[in-house]
Amino acid sequence: MDPVVIPILVAAIVVVFLVAATVRIVPQARRYNIERFGRYRRTLQPGLNFVLPVADRVNTKLDVREQVYSSDPKPVITEDNLVVNIDTVLYYQITDPRAAAYEVADYLQAIDQLTVTTLRNVIGSMDLEGTLTSREEINARLRAVLDDATGKWGIRVNRVEIKAIDPPNTIKEAMEKQMRAERDKRAAILHAEGERQAKILTAEGTKQKDILEAQGTQQAMILRADGESKAVELVFQAVHRNNADAKVLAYKYLETLPHLAQSDNNTFWVIPGELTEAIRTVTSAFGDQASGTGPPPGAQREDATEADASDKDHVGAPEVEANSTLALDAVAAADEAAKQAAVAVSDAKAEAEAAGETRRPGRGPAPGG
């Protein structure tokens, strides 16, 4: 080999080495701290950078993106002397690479220890119930303390979250019993409220039903009474329009008498005082038709006198009650009166038919005429 070529090759290798040592390419979101002869010189930014070879060297390479640090569960004592294990999650970001490299030896360990001590101070002033229900307050107080302490280290704490709070097993069992009791209490209250509403609705429904039934009964009674009044009015008008005499009315009266004793609820029955008068009227009517002449005036006066005496006896007589020793049984009296009325009507009809047959042409006068 040519002796001139060897020095050229050595010089080329040295130039390449120097160029490689001079050029530094920094990726995005990274920061390089440069020391010159062991002293901090500057921080390289992302992109192409040049340094002095041999004199400058890269001390630390830092990532300035937001990072997440999850610590291990730490035992913490509450105000009511209960030990709980709390696990935290920390979100931080490096804002000053020089301070993060030279102000603290290990910023992650420093943040972890500071989080534990601050957490114990905060939890120590709360009881278990407050610890479990005050996570937002704990997070805010932790962030305030950590942000103030880590500012001089070139680190900004963006967020602190409590990932888990684990009380002792005995406390967990007591809490489960308490929650079960609360649920049972709410269930009993809801059940009682449901029954109360159901009873109220049932009572209101029954009330509305009774009111509607009463209104329906009232309307039915009003309509029934209205119909009966109209029927009576029509009968009354028909009687007066046809000019019915006393004989027809007495006959209808006798037809109605047997219906008075048909009810099973009658405990006593009063014989009307007009019964004999009605029978006498019908009998005289049919007798007048048969003979063509009425009884003599003296007999009429005697009959009227006897009728008045009989009417007075019936009007002044007391009511015949059931089980009374002064009169017959009510049912027997009613039957007897009905039979007498039926016999009187039958006799009157028979006499009327006999009188009609004697008046036919070709026959002689009726006996006793």
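Remember, predicted model here, so these are calculated numbers, not experimental data.

Peer 1: Would you take a moment to explain the overall build of the protein for this structure?
Peer 2: A count of helices and strands for the protein gives ten helices and nine strands. The contacts of the protein with a sequence gap of at least 6 include a subset with a gap of at least 24, amounting to 64%. Total accessible area on the protein is roughly 25100 Å²; 56% of this is exposed by carbon and sulfur atoms.

Peer 1: Help me understand helix α3 (residues 107-123) in this model?
Peer 2: With 17 residues, α3 extends 24 Å from end C-alpha to end C-alpha; this agrees with the ideal 24 Å at 1.5 Å per step. Here α3 has its buried residues at Tyr-107, Ala-110, Ile-111, Asp-112, Leu-114, Thr-115, Val-116, Thr-118, Leu-119, Val-122 and Ile-123.

Peer 1: What is the right way to look at the pattern of salt bridges in this model?
Peer 2: Pairing between side chains becomes possible if they bear opposite charge and their charged atoms approach one another. Counted under the stated rule, the structure contains nine salt bridges. Residues Asp-63 and Arg-30 are paired through a salt bridge, measuring 3.6 Å at the closest nitrogen-oxygen approach. Placement of the pair is Asp-63 in strand β5 (residues 56-63) and Arg-30 in strand β2 (residues 30-36), with a sequence separation of 33 residues. Two residues, Lys-230 and Asp-226, come together in a salt bridge whose shortest N-O distance is 3.8 Å. Separated by four residues within a single helix, Lys-230 and Asp-226 lie in helix α6 (residues 169-242), roughly one turn from each other. Residue Lys-230 is classed as partly exposed on the basis of its relative accessible area, which comes to 48%. By sharing partners, the salt bridges in this structure join Arg-30, Asp-63 and Arg-65 into a single network.

Peer 1: Looking at this model, I keep getting lost on a negative patch on the surface. Mind explaining?
Peer 2: Together, Glu-79, Asp-80, Asp-127 and Glu-129 make up a region of like negative charge exposed at the surface. Its location among the elements puts Asp-127 in the loop between α3 and α4 (128-133).

Peer 1: Teacher, can you tell me more about a positive patch on the surface here?
Peer 2: A cluster of like positive charges, contributed by Lys-177, Arg-180, Arg-183 and Arg-186, occupies part of the molecular surface. Relative to the elements of secondary structure, Arg-183 occurs in helix α6.

Peer 1: How should I be thinking about a nonpolar patch on the surface in this particular structure?
Peer 2: On the surface, Ile-6, Val-10, Val-14, Phe-17 and Leu-18 cluster together into a nonpolar patch covering about 440 Å² of accessible area. Its location among the elements puts Leu-18 in helix α1 (residues 5-22). A relative accessible area of 36% places Leu-18 in the partly exposed class.

Peer 1: Help me understand the side chain of Thr-43 in this model?
Peer 2: Assignment of secondary structure puts Thr-43 in strand β3 (residues 39-44). With relative accessibility at 17%, the residue Thr-43 sits in the buried group. Among the polar contacts listed, one links the side chain of Thr-43 to the side chain of Asn-33, at a separation of 2.9 Å. When neighbours within four sequence positions are excluded, Thr-43 is seen to be in contact with Arg-31, Tyr-32, Asn-33 and Pro-97.

Peer 1: Sorry if this is basic, but what is going on with the sheet that holds β5 here?
Peer 2: Think of a sheet as strands paired side by side through backbone hydrogen bonds, with each pair either parallel or antiparallel. In space, the three strands of this open sheet follow the order β3-β2-β5, with antiparallel pairing throughout. The open sheet has two edge strands, β3 and β5, and neither has a second partner. Pairwise comparison of adjacent strand axes, ignoring direction, gives a mean angle of 25° for this sheet. When β2 meets β3, the two strands line up antiparallel, connected through five bridges. Following the sheet pairing, Tyr-32 is matched in β3 by Leu-44.

Peer 1: Sorry if this is basic, but what is going on with the confidence of the model for the protein here?
Peer 2: Predicted coordinates in areas of low pLDDT are best not read in detail. Mean pLDDT for the protein: 75, with 66% of residues reaching 70 or above. Of all the helices and strands in the protein, helix α9 (residues 297-316) carries the lowest mean pLDDT, 44, while β2 carries the highest, 92. Per-residue pLDDT stays below 50 along residues 289-331; that stretch engages in 32 contacts with residues further than four places along the chain or on separate chains. With pLDDT under 50 throughout, residues 359-369 is counted as low confidence; its partners more than four residues away or in other chains account for eight contacts.

Peer 1: What exactly am I supposed to notice about the side chain of Asn-33 here?
Peer 2: One can find Asn-33 in strand β2. Within the structure, the side chain of Asn-33 is placed 3.3 Å from the backbone oxygen of Pro-97, a separation counted as a polar contact. With residues near it in sequence (within four places) discarded, Asn-33 still touches Tyr-40, Arg-42, Thr-43, Arg-57, Val-58, Asn-59, Thr-60, Leu-62, Pro-97, Arg-98, Ala-101 and Tyr-102.

Peer 1: What's the story with the environment of Val-116 in this structure? I'm lost.
Peer 2: With respect to the helices and strands, the residue Val-116 is situated in helix α3. Measuring from C-alpha to C-alpha, the distance between Val-116 and Val-76 comes to 8.6 Å, with 40 residues separating the pair along the chain.

So, how was this worked out
- Residues numbered from 1 in each chain as written.
- Predicted model: local features only at pLDDT ≥ 70, side-chain atom pairs only at ≥ 80, totals over all residues.
- Heavy atoms only, no water.
- Helix = DSSP H or I, 4+ residues; strand = E, 2+ residues; numbered from the N terminus.
- Contact = heavy atoms within 4.5 Å.
- Areas by Shrake-Rupley, 256 points an atom, 1.4 Å probe, with all protein chains shown as cover.
- Expected span 1.5 Å × (residues − 1).
- Buried < 20%, exposed > 50% of the residue type's maximum accessible area, 1.4 Å probe, protein only.
- Salt bridge = Lys/Arg side-chain N within 4 Å of Asp/Glu carboxyl O.
- Patch = residues over 30% accessible without salt bridge, like charges linked within 9 Å, V, L, I, M, F, W, Y side chains within 5 Å.
- Lys, Arg positive; Asp, Glu negative; His and termini not counted.
- Charge placed at Lys NZ, Arg CZ, Asp CG, Glu CD.
- Polar contact = N/O pair within 3.5 Å; in protein donor to acceptor, adjacent residues only side chain to side chain.
- Pairing = 2+ DSSP bridges.
- Axes fitted to C-alpha atoms, helices over the stretch in contact; angles between N-to-C directions.
- pLDDT = per-residue confidence, 0-100.

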